Amino acid sequence: MNADLTNASLTYRLAGKRVYVAGHRGMVGSAVVRRLQRDGVEVMTSSRDKVDLRDSAAVGAFLKSAKPDVVVVAAAKVGGILANDTYPADFLYENLMIEANLIHGSFVSGAEKLLFLGSSCIYPKVSPQPIPEDALLTGPLEPTNEWYAIAKIAGIKLCQAYRKQHGADFISAMPSNLYGPNDYFDPEKSHVIPALLRRFHEAEQRGDREVVCWGTGTPRREFLYVDDLADACVFLLENYSGYDHINVGTGSDITIAELSETVKRVTGFSGAIRWDHSKPDGTMLKRMDTARLASLGWKSSTSFEDGLAKAYRWYLENPVRGGEVPAAAQH
Ligand code: GDP
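The following refers to the structure shown. Owing to the predicted nature of the structure, the values given are computational and were not obtained by experimental measurement.

## What about the overall build of the protein chain?
When its secondary structure is counted, the protein chain shows 11 helices and 12 strands. Its C-alpha atoms give the protein chain a radius of gyration of 19 Å, within 12% of the compact-globule value 20 Å for 331 residues. For the C-alpha atoms alone, the extent of the protein chain along its principal axes is close to 60 × 40 × 35 Å. By the burial criterion, 55% of the 331 residues in the protein chain qualify as buried. Of the contacts made within the protein chain by residues no fewer than 6 positions apart, 82% connect residues no fewer than 24 positions apart. A total of about 13700 Å² of accessible surface is found on the protein chain, and carbon and sulfur atoms cover 52% of it. Each charge class in the protein chain was averaged separately, 37 positive and 40 negative side chains, and the resulting centres sit 2 Å apart.

In structure tokens, the structure reads:
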């Protein structure tokens, strides 16, 4: 743990501040916007056509004129296990550019506070379970998503560097596997929850006798409902100011086989589940140690069944968005 974590708690009020949420169309960004607007906080966003977040000059100019008090970096190029493995250059380059532009630009434009969002894939493939924040950079990464992970680690380090060199109040939060409204529902390229909700739903509609799921079903994952993450973001912005990144999760995990059974139940599919062992399992265990966040005073509130039912309802009500290309959900 870094020394200044001991002085890490503070009270910073978002009321009356102007908050720029980068990535407002994505699952995380849209949840943060919903949450801030509910609290009556002034939210700023930038449209993809006007500000390409991969373009330093465009981001710098936008931040200089918009001058937000607070910046939430929820923009990223994201995707599931196969997308990461297939498009390594896109995942590394685009994420490095987006976060470097936003973090540096926020510093130059005088933002008081910045929250950078990453993911639990930053941790080594073999980590203590549950994974504590201190496991960062203690071993090799899971190869299927190392491109995204390296970019996210660089983002954490950028926040730490600006804090160390310039005293900037830039913090980072690492959520576990997220799901919820505005997720990207693609059978091939998305993460497991949207992929399975869609696959099981379509199989049920067609009256198929079986659904194929990837891998062995034995890996365990911790799933966090995205509105809970948004709540944690507000909590951290208002109550945390430290060098170290903070894990955000539920503290419990389930196997992919258990997940598949739950998706089967929620979607009403009555056929069988077959496991395709030619597809990668990825890392076997990924539950995060959320003791630090708990000690600051936050815990998640949405049960997995409730969250999954809400995500499924959202998918049923938004079939067009469910089929969009992933890039549209980014920034
Ligand atoms: P990860 O947590 O970075 O590995 O991301 P994913 O959400 O893509 O995958 C989680 C786990 O679910 C892995 O073990 C996958 O093999 C498994 N899985 C089972 N079926 C699917 C599927 O249809 N799509 C995806 N993305 N993963 C699946």
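## Thoughts on the packing of helix α4 (residues 88-108) against helix α5 (residues 146-166)
With their axes 8 Å apart at the nearest point, α4 and α5 run at an angle of 15 degrees to one another. For the element pair α4 / α5, the angle class is roughly parallel. The crossing of α4 and α5 is right-handed. Contacts from Pro 88, Phe 91, Leu 92, Asn 95, Leu 96, Glu 99, Ala 100, Ile 103, His 104 and Phe 107 of α4 reach α5 at Trp 147, Tyr 148, Ile 150, Ala 151, Lys 152, Ala 154, Gly 155, Leu 158, Cys 159, Tyr 162 and His 166. For the contact of α4 with α5, the residue count by class is 15 nonpolar, 4 polar and 2 charged.

## Focus on the nonpolar core
With 39 residues, the main nonpolar core has Tyr 20, Leu 53, Leu 102, Leu 114 and Phe 116 as its most contacted residues. Considering every element that reaches this core, the biggest residue donor is α5, with 6 residues. Discounting chain neighbours no more than four positions away, the residues touching Leu 102 are Tyr 20, Ala 22, Leu 53, Val 59, Leu 63, Val 73, Ala 75 and Leu 114. One finds Met 27, Leu 117, Leu 224 and Leu 236 within the second-largest nonpolar core, a separate group that totals 34 residues.

## Some remarks on the environment of Asn 318
Following the sequence through the fold, Asn 318 ends up in the loop between α10 (304-317) and α11 (319-322). Placed 293 residues apart in sequence, Asn 318 and Arg 25 show a C-alpha to C-alpha distance of 14 Å. Within polar-contact distance, the side chain of Asn 318 engages the backbone oxygen of Trp 314 at 2.8 Å.

## Examining the site of the ligand
In the vicinity of the ligand, 18 residues are found, and the nearest of them are Val 192, Arg 199, Arg 221, Pro 280 and Asp 281. Between the ligand and the protein, one listed contact pairs an oxygen atom with a backbone N or O atom of Val 192 at 2.9 Å. Contacts to the ligand include Asp 281, whose backbone N or O atom sits 2.5 Å from an oxygen atom. A total of 530 Å² of accessible area belongs to the ligand in isolation, and the protein chains cover 97% of it. Among the elements of the structure, α6 (192-206) and β7 (210-214) are those that each provide at least two residues to the shell around the ligand. Here the shell around the ligand takes 4 residues from α6, the largest share from any one element.

## With respect to helix α7 (residues 226-239)
Compared with the 20 Å implied by 1.5 Å per residue over 14 residues, the 20 Å span of α7 between its first and last C-alpha is a close match. Burial runs high along α7: 11 of the 14 residues are buried. Turning to α7, its buried residues number three or more, namely Val 226, Asp 228, Leu 229, Ala 230, Ala 232, Cys 233, Val 234, Phe 235, Leu 236, Leu 237 and Glu 238.

## Here we look at the packing of aromatic side chains
Per the stated rule, a full pass over the model turns up 10 aromatic pairs. Both rings, one in Phe 185 and one in Trp 314, keep their centres 6.0 Å apart while their planes meet at 25 degrees; by these two values the pair is stacked. Of this pair, Phe 185 sits in the loop between β6 (177-179) and α6 while Trp 314 sits in helix α10; the two residues are 129 residues apart in sequence, bridging distant segments of the chain. As far as burial versus exposure is concerned, Phe 185 and Trp 314 are alike and both buried. Through a chain of ring-to-ring contacts, three or more aromatic side chains come together here, namely Tyr 179, Phe 223, Tyr 225 and Phe 304. The ring of Phe 91 is capped by Lys 77, whose NZ or CZ atom sits 5.6 Å from the centre of that ring. Positioned over the ring face of Tyr 12 is Lys 113, at 5.7 Å from the centre of the ring.

Conventions adopted
- Residues numbered from 1 in each chain as written.
- Predicted model: local features only at pLDDT ≥ 70, side-chain atom pairs only at ≥ 80, totals over all residues.
- Heavy atoms only, no water.
- Helix = DSSP H or I, 4+ residues; strand = E, 2+ residues; numbered from the N terminus.
- Rg over C-alpha atoms; globule rule 2.2 N^0.38 Å.
- Buried < 20%, exposed > 50% of the residue type's maximum accessible area, 1.4 Å probe, protein only.
- Contact = heavy atoms within 4.5 Å.
- Areas by Shrake-Rupley, 256 points an atom, 1.4 Å probe, with all protein chains shown as cover.
- Lys, Arg positive; Asp, Glu negative; His and termini not counted.
- Charge placed at Lys NZ, Arg CZ, Asp CG, Glu CD.
- Axes fitted to C-alpha atoms, helices over the stretch in contact; angles between N-to-C directions.
- Parallel < 35°, antiparallel > 145°, perpendicular 65-115°, else oblique.
- Left-handed = near helix turned anticlockwise from the far one by under 90°.
- Nonpolar A, V, L, I, M, F, W, Y, C, P; charged D, E, K, R; others polar.
- Core = buried A, V, L, I, M, F, W, Y, C linked by side-chain atoms within 4.5 Å.
- Polar contact = N/O pair within 3.5 Å; in protein donor to acceptor, adjacent residues only side chain to side chain.
- Near = heavy atom within 4 Å.
- Expected span 1.5 Å × (residues − 1).
- Phe/Tyr/Trp six-rings, centres within 6.5 Å; stacked < 30°, edge-to-face > 60°.
- Lys NZ or Arg CZ within 6 Å of the ring centre and 35° of its normal.

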